[in-house]
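Coordinate analysis (summary)
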Amino acid sequence: MRSTTKELLIETALKTLGILAALAAATVAFPRLAAAGPASKPFPAGIVDLPGSISASNPIGPIYSHPWLNVNVDGMRIRTGWKDIETQDGVYNWKLIDDCLALAATSGKFIGLGVIAGIKSPPWLMGADTFTDGSTTLNVAALYSPTASFVAADVGRVIDCDKFPPGTTIISRTRTVATLSAPATATKSGNLTFSILARHPGVPFHVLTAPDSGVMPVPWDPVVLTKWKAFVAALGARYDGNANLRYVPMGGFSQTGESYLATQQADVDYFNASAVAAGYAATVDFSAGMVAWQAVTKEIIDTYMTAFPTTPPFITVARPFPNNQGGTRALNAIVAWGVAKYPGRFGIMNSQLHATSVPGNLTNAAIYNNWLTQPTGVQFLCSTSTAGNVARLSNSPPWGSDPLLSAYAAMNNSFTAAVNIGCRYVETYEVDVINPAYQTMLATQGAALKSK
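Considerations on the overall build of the protein
Secondary structure assignment for the protein yields twelve helices and 18 strands. Over its C-alpha atoms the protein spans a radius of gyration of 23 Å, differing by no more than 12% from the 22 Å that the globule rule assigns to 452 residues. Within the protein, the fraction of its 452 residues that count as buried is 53%. Counting contacts in the protein only where the partners sit at least 6 residues apart, residues at least 24 apart contribute 75% of the total. A total of about 18,300 Å² of accessible surface is found on the protein, and carbon and sulfur atoms cover 59% of it. Charge centroids of the protein, computed over 30 positive and 27 negative side chains, lie 5 Å from each other.

Given below as structure tokens:
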């Protein structure tokens, strides 16, 4: 009993020191918030744990499920999908997020909250019927449901289900069994949720081309844009006033949380054609798709800034189209516009941190050139959980030509690179955050980040 009490006293002392360090860091950062107004929150800073995405089937769980009580952790990055929160038109499952903020309050951490539209858009938006009684068998291209009542018109329709690859379609059917274009990735009996898209009038959507995967509506479709803006407004009305919410990575103008829209030529062609059909015209510098992307991105950023007047929204920078399709110019134009229109409030981050990251790289330059006035951060490219990942973080073969580092050095050098680029926080994969061998490194590098 005496040993347990002693351990608790030490843990309490360490937590107190962590809180004092965080307060000191916030005091240093606060003068840079003058342009954002007196009600603005301090810039997020330090080590941010990066757990898996949350959903109804994978909620955040109790406090011991993640390192909320780790004294070297300053915050948690919460990721979820639009379809996980707005389960029906205007019907919200706020509990998924409420539980995260309750844990943040209990542990004294902050959270960054990112909701992905794009490939996480709700099926109801795309004219779906949704069922909860599906059954699958691993490696079998069939879906059973006693209530779906598959009909001939369903042949060719897309199935949205986490047990089948994105874009899987129905190729034949009986009343209770649909034969699909791809086999199931897992066995699930009797209570599987799945949707059949386009059974009813809905917005147009596109099945992305490999290696990208997923089904997404066009961001500039007027119905999509209206519904997404309403969602962002509802999100901000509920959560902007929460002191534990410290940053909001933006979505709605891309495939995922990053700002890329298309990487494959077939998808570039699709979005360009969609933009022309919507009335956007190409310019000397930009294709119609890039004109449309910039217009809708500005509108969505404005919506976030209105919905979150005290919490900085962040763009996770990445080329929306490939470089030879005008993606770099479009990205730079958006960053310049955001910094000029929202000084002190337009957050900039990327998800490409590795050991050889340098300020001059495209996405890093956006951070380095603006970190003195804007909130900034970064996410690790990957964890150090496998040898292949360590090679990626080292930028060594087959990913690059730099020497292969140890896992520890790959992590430590990456953190140092983040500090040199001008990042105040680093989203770090949970497998690394809980690694006992990294705790001193997390404490040291977290202090360096908070000193920016």
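Focus: empty space enclosed by the protein
Applying the stated criterion to the full structure yields three cavities of 30 Å³ or more. As for the largest cavity, its lining consists of Trp82, Ala117, Gly118, Ser121, Met216, Pro217, Pro219, Val224, Trp228, Gly252 and Ser254. For the lining of the largest cavity, the secondary structure elements donating two or more residues are strand S13 (215–217) and helix H4 (222–239). A breakdown of the residues in the lining of the largest cavity according to their chemical character gives seven nonpolar, four polar and no charged.

Quick word on the side chain of Asp267
Within the secondary structure layout, Asp267 lies in helix H5 (residues 265–277). The side chain of Asp267 sits in the buried core without any salt bridge; Arg319 is the nearest counter-charge, 16 Å away.

Looking at unusual backbone geometry
Peptide bonds are trans in most cases, and residues, glycine excluded, mostly fall at negative phi. Residue Pro211 is reached from Ala210 by a cis peptide bond, and omega for that bond is 15 degrees. A cis amide bond, omega 5 degrees, links Pro397 with the succeeding residue Pro398. Along the chain, Pro398 falls in the loop between helix H9 (387–394) and helix H10 (407–421). Within the chain, Ser149 stands out as a residue other than glycine whose phi angle is a positive 50 degrees. Structurally, Ser149 can be placed in the loop between strand S7 (142–144) and strand S8 (159–160).

Calculation rules
- Note on numbering: residues in each chain are counted from 1, in written sequence order.
- At least 70 in pLDDT is required for a residue's local features to be given in this predicted model, at least 80 for side-chain atom pairs to be given and counted, and no such filter applies to totals for whole chains, interfaces and linings, which use all residues.
- As a rule here, side-chain values cover all heavy atoms of the structure and leave hydrogens and water aside.
- Numbered from the N terminus, helices here are DSSP runs of H or I no shorter than four residues, and strands are runs of E no shorter than two.
- Throughout, the radius of gyration refers to the C-alpha atoms, and the reference size of a globule is 2.2 Å times the residue count to the power 0.38.
- Using a 1.4 Å probe on the protein chains alone, a residue whose accessible area is under 20% of its type maximum counts as buried, one over 50% counts as exposed, and one in between counts as partly exposed.
- Contacts are assigned to residue pairs with any non-hydrogen atoms lying within 4.5 Å of each other.
- Exposure was quantified through the Shrake-Rupley algorithm and a 1.4 Å probe, taking into account, for residues, occlusion by the shown protein chains and nothing else.
- Counting rule for charge: Lys and Arg are taken as positive, Asp and Glu as negative, and neither His nor the chain ends is counted.
- We put the charge of a Lys on NZ, of an Arg on CZ, of an Asp on CG and of a Glu on CD.
- In this analysis, the protein atoms alone were mapped onto a 1 Å grid. Cavities are point sets where a 1.4 Å probe fits without being able to get out; pockets are open sets with protein on both sides within 12 Å along at least five of seven lines; lining residues have an atom within 4 Å of a point.
- Grid points are joined across faces, edges and corners, and a volume is the space filled by probe spheres set on the points.
- Ten residues, namely Ala, Val, Leu, Ile, Met, Phe, Trp, Tyr, Cys and Pro, are considered nonpolar, four, namely Asp, Glu, Lys and Arg, are considered charged, and the remaining ones, Gly among them, are considered polar.
- The term salt bridge refers to a pairing of a side-chain nitrogen on Lys or Arg with a carboxyl oxygen on Asp or Glu at a separation within 4 Å.

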